[in-house]
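# Working through the structure, step by step
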Amino acid sequence: MATASLAETKSQRQDVLGVEDLSVEFFTEHGWTRVVDNVNIRVPRGKTVGLVGESGSGKTVTSLAAMGLLPRHGTRVTGSIQLDGRDLTTLAESQWAEVRGSEISMVFQEPRRSLDPAFTVGHQIAEVVRRHEGASKRDSHARAVEMLDAVGIADAKRRVRAYPHEFSGGMCQRVMLAIAMVCKPKLLIADEPTTALDVTVQKEMLRLMKELQREFDLSILFITHDLGVVAEMCDEVSVMYAGQVVESTGIDELFTAPGHPYTEGLLDAIPDPRARGSRLKAIPGMVPAPWLWPRSCHFFDRCTYAIADRCGTEPVPLLAGPDGRGIRCARVGELELRGIDQ
Ligand SMILES: Nc1ncnc2c1ncn2[C@@H]1O[C@H](COP(=O)(O)OP(=O)(O)OP(=O)(O)O)[C@@H](O)[C@H]1O
Ligand SMILES: [Mg+2]
């Protein structure tokens, strides 16, 4: 079964987000440069799918494409993005504006930069309700209070009139979640939402996102570098390397039986408190710049399992592994990779 396309084996499943064969190219000083290469990601209803990978692997560009937020000029996008079976790929900007904030929302790493310092937080939440639902000033204000309360801001009736600078970073991130959730979207894309927060605030934020997920039957695409956060939040994971998804799998399998050498490398790089004092293991080398990606396996140069005539010549598609997961490796099924000891 190792040669069947993963898209074929999973196409029947009901997904809220279906990204299929997505490629993104930017016009740069190196000419047209592909930074996202044939990416497939599926987010089932009510589930959280993690998107992990080193810096520059294309996680943010993939999510911006799913939000229709890539620049129109100097960008080429191919493939399809489906939301609940509806193709978003051909939407005009005015139609995207209707979808964003009501059907798909996004929270980013730095909430302060996304909030407008000139308006109260209540105004910024209410504005979304007015824009998408045409609610009156009074109703949208009431919804803002309700939502602030739902994201755990104490004394919401009073705090709704506060400005972003009066809030801590963690509270600003709660406000961003309130803005994202107020119109009850189907899908939330969270791009490193807790990276800038300290550990205790991070934990509260993750708990809050899980609560909101249950309450709103929300599906989440969760982008992060942090495999600890992945373990806590995600049901499934897609691992990206140099613009490609190299493995898509369930959370348990990811940690106990990685299917791609790059995934094994990421697991190896997690600090082990029992091995204090010894050198942290890192994957040798660096992610190559997009204009230097080889035609063959993108991980070829850094892979300790690579065989030149099998891995270094042809492009490798995302193949179905022995247990049905997606693995982009010419040696799929042959390798015995190390997971994390339980
Ligand atoms: N507008 C743009 N024009 C040209 N190249 C871009 C543009 N936006 C992103 N890139 C390039 O696309 C590649 C993928 O970037 P992206 O921001 O998606 O990575 P990432 O996986 O989110 O990394 P990080 O973990 O650091 O956030 C990078 O090489 C980046 O430099
Ligand atoms: Mg990013």
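Residues numbered from 1 in each chain as written. Chains lettered and ligands numbered in written order. Predicted model: local features only at pLDDT ≥ 70, side-chain atom pairs only at ≥ 80, totals over all residues. Heavy atoms only, no water.

Next up on the list: the side chain of Ser 57. Considering the arrangement of structural elements, one finds Ser 57 in the loop between strand 3 (48-52) and helix 2 (59-66). At a separation of 2.7 Å, a polar atom in the side chain of Ser 57 contacts the main-chain carbonyl oxygen of Glu 54. If we skip the residues at most four places from it in the chain, Ser 57 touches Val 35, Met 240, Tyr 241, Ala 242, Gly 243 and Gln 244. (Helix = DSSP H or I, 4+ residues; strand = E, 2+ residues; numbered from the N terminus. Polar contact = N/O pair within 3.5 Å; in protein donor to acceptor, adjacent residues only side chain to side chain. Contact = heavy atoms within 4.5 Å.)

Our focus in this paragraph is the site of ligand 1. Ser 55, Gly 56, Lys 59, Thr 60 and Val 61 are the nearest of the 13 residues found near ligand 1. Within the backbone of Gly 58, one N or O atom sits 3.0 Å away from an oxygen atom of ligand 1. Relative to its unbound accessible area of 650 Å², ligand 1 is 63% covered by the protein chains. Only strand 1 (15-28) and helix 2 provide two or more residues apiece to the shell around ligand 1. Here the shell around ligand 1 takes three residues from helix 2, the largest share from any one element. Each residue belonging to the shell around ligand 1 can be placed in one class, and the counts come to four nonpolar, seven polar and two charged. (Near = heavy atom within 4 Å. Areas by Shrake-Rupley, 256 points an atom, 1.4 Å probe, with all protein chains shown as cover. Nonpolar A, V, L, I, M, F, W, Y, C, P; charged D, E, K, R; others polar.)

Looking along a regular strand, one sees side chains alternate from face to face of the sheet. Burial analysis of strand 10 (residues 244-250) places six of its seven residues in the buried class, which makes it a mostly covered element. Direction of pairing for strand 9 (residues 236-241) relative to strand 10: antiparallel, over a ladder of six bridges. Each bridged residue has a counterpart across the sheet, and for Val 239 the counterpart in strand 10 is Glu 247. Counted along the chain from strand 9 to the antiparallel partner strand 10, the turn is two residues long, and its residue Ala 242 has a positive phi close to 45°. (Buried < 20%, exposed > 50% of the residue type's maximum accessible area, 1.4 Å probe, protein only. Pairing = 2+ DSSP bridges.)

With respect to burial, helix 12 (residues 261-268) is a largely interior element, seven of its eight residues being buried. On its buried side, helix 12 packs onto strand 3, helix 10 (227-233), strand 9, strand 10 and helix 11 (251-256).

The next point concerns the pairing of strand 2 (residues 31-44). Buried residues dominate strand 2, accounting for ten of its 14 residues. Bridge count between strand 1 and strand 2: ten bridges; the pairing is antiparallel. From the neighbouring strand, Phe 26 faces strand 2, where its bridge partner is Thr 33.

Below, the discussion takes up the domain arrangement of the chain. For the chain, the assigned domains are domain 1 (4-103 + 185-327) and domain 2 (113-182). The centre of domain 1, based on its C-alpha atoms, is set 30 Å off from the matching centre of domain 2. Counting residues at the interface gives 17 residues for domain 1, matched by twelve residues for domain 2. Both sides of the domain 1 and domain 2 interface together cover about 1,200 Å² of buried area, and 74% of this is carbon and sulfur. (Domains from an automatic or database assignment. Buried area = accessible area lost by both parts, 1.4 Å probe.)

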